[in-house]
Each structure stands twice: as structure tokens, then as C-alpha cells.
Amino acid sequence: MSEHDVVVVGGGAAGLSAALVLARARRRVAVVDAGRPRNAPAAHMQGFLGSDGLPPADLLSAGRKEVAGYGGILIPGTVTDIAALQVRGGRPRFEVRLEDGATLRARRVLVTTGLRDEIPDVPGLRERWGRDVLHCPYCHGHEVRDLPLGVLGGNPDAVTHAQLVRQWSGDVVFFPNGTVVTRDQREQLAARGIGVVDDPVARLVVEDDALTGVQLETGAVVPRAALFVRPRFVPNSGLLDALGCAADENGWVATDGTGRTSVPGVWAAGNAANPRAQVITAAGEGSTAAIALNNDLTEEDVAVSVAGSRLGMPA
């Protein structure tokens, strides 16, 4: 069984960016990707310098081609387990097991499995997700600027989210939908011209494959062209948890500034470690992790070479 310097689990922006840096550093790197990117529903990717407006799938396709061009190995599949191996000298070594039974050996592992968005159970919300039901105004706000917008509550940060969305349109309605809105918050919303509709939301109204309104349980419909929702971010951290990586007070894997976790040899980057990372941020974090990984591997290479030299072994 061949041993890779690094196995990257997850082939999104963070994983491919890391693999590109590592492959260019002449490291043996493999990327295992299940093919379920978080931003798959989005038609275009915004705010990525040089790639603004590019479909997310096109970015990943270009990234895979670049990684392969430098000798990186791309493996479609799902990783089910990562086992830390006992190696003489205490050097980190891992066995990465795939759903199809394949196994990879690695000196280091980088987990970039992202997160999943948990959104309110409102009929029509999931079906419009990433189209005209949106979560990030920095990603999508410009595209719906000056349109009648809604912000759905249900999250402790929903009121703040409504105030943020107001930056892109003067016609914003906040639907608390169970969120408690204090007197001070109502004053702040009113001061910026943000309407508040306290009646519970029943469903979304869609006509000709476009959101046209939010229907309340009273039967009334509030016309809206797009609806912002602050989801609950849940990390896809099962592999990291099973390895024993420490988590922070919010339940996310704890890393240093390079993505290094508490388990020697294990790194994490992108939305698997940072819920706020946009595509461009995730790509940068992948690059940072790759440089740290290569430095860590180099330190090990030096130590092994020195030990061999003392025994008269050739470099």
C-alpha cells in the first residue's frame, strides 16, 4: 500500500487549494471528495476576487484540473474512518478508510469536510435554498439589491441579520416567526424603516419558479422577491471527533492559526473549522494549512535524515 504525504478529506475550495500548494511542493497528496459541496444550489459565486460570478462547479472543476496537473491524486468517494496508527518513534501516521473498502495510508491528514445548514421547517424553504432563499448578504445581497426583501427569524441573531440586510434594500420586512423581539430592537428596526410582521409564517409562495411572497398563517401574503435566513451551522466533524480532536466552547474543532488540531498530524480548514468562512476565505485557509503541513513534514524529514546519517545510511 503506497503512503501519501497528505490525504485531504473534502474537495471543496479549502481542500483543493491545500492540495494545489502541496502538489506544487512535490508532496504526494490525494484528495478524497464525496461530491456534495455546500454551495451546490447556488448558480454563481460572488466576492471571490478574479472569479466573481463564476458558477461554483466551474471553480471546483478548474481546481481539480490544476491539482491533477501537478500530480495530485483525485479520488471520488466518502471517507468513513480515519485511524491513527502506532508508529515507532511517535511519528504521526494514519489509515484513511473509504466507503467502498479502499484504504489510504498518510503521514498527515487535512479534513475539509465543511458544514451543513440547518434551516427552519417552513414549506418551500429548502426547495428555494441558494436561489431566492439566501443566508449571506455579502454573497447574494448585491444580486437582490433594492428588491423587496424578507428576513426570517428563528435564530438568536435574526434581528441583527435584518439590520445587515437593510444595507442592500430600503424595503425589508422582518418575520420573527418565534423570535422574541425586545422593545429596544423594535425601536431600532423601526428607525431604519424595517417592517415587522409578527404573525407566524405558513409557507413560501412561488410562481413561475420564483419567490413572490411569504404567506402567513392568517392567509395573508406579504410580497417578497427574496428571503434571508440565518441558518444554524453544524460542522461535519464526525471524523475529527472520532480522532479525538479537541473542540472549542461552541463545539467546533479547535485549531491554531494554521489549522493544526490537538491531535498530532491532523489539520482542519474551511467550514469544517470556521463557520464564517466564505469560498475565498476557505481557499486561503486551505493554503495556510498546506504550508504548515509541508513545514511539519519537512521537520520530520530532517529528523529522519539525521538519524539515518548517524547510522551511515544514505540520504
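Residues numbered from 1 in each chain as written. Predicted model: local features only at pLDDT ≥ 70, side-chain atom pairs only at ≥ 80, totals over all residues. Heavy atoms only, no water.

With the rule as written, the count across this model stands at 21 salt bridges. For Arg97, the salt bridge is made with Glu95, and the minimal N-O distance between the two is 3.0 Å. The partly exposed category is assigned to Arg97, whose relative accessible area is 32%. Arg224 is the salt-bridge partner of Asp171, the closest N and O atoms lying 3.1 Å from each other. (Salt bridge = Lys/Arg side-chain N within 4 Å of Asp/Glu carboxyl O. Buried < 20%, exposed > 50% of the residue type's maximum accessible area, 1.4 Å probe, protein only.)

Further remarks concern the packing of aromatic side chains. Per the counting criterion, the structure on display carries one aromatic pair. Their ring planes at 90° and their centres at 5.6 Å tell us that Tyr138 and Trp168 sit as a pair that is edge-to-face. You can see Tyr138 sitting in helix H3 (residues 137-140) and its partner Trp168 sitting in the loop between helix H4 (158-165) and strand E10 (172-175), a full 30 residues away along the chain. A relative accessible area of 17% places Trp168 in the buried class. (Phe/Tyr/Trp six-rings, centres within 6.5 Å; stacked < 30°, edge-to-face > 60°. Helix = DSSP H or I, 4+ residues; strand = E, 2+ residues; numbered from the N terminus.)

Our next topic: the environment of Leu16. Along the chain, the position of Leu16 falls in helix H1 (residues 13-24). Among residues more than four places away in sequence, those in contact with Leu16 are Gly11, Val31, Leu60, Gly63, Arg64, Val67 and Leu74. (Contact = heavy atoms within 4.5 Å.)

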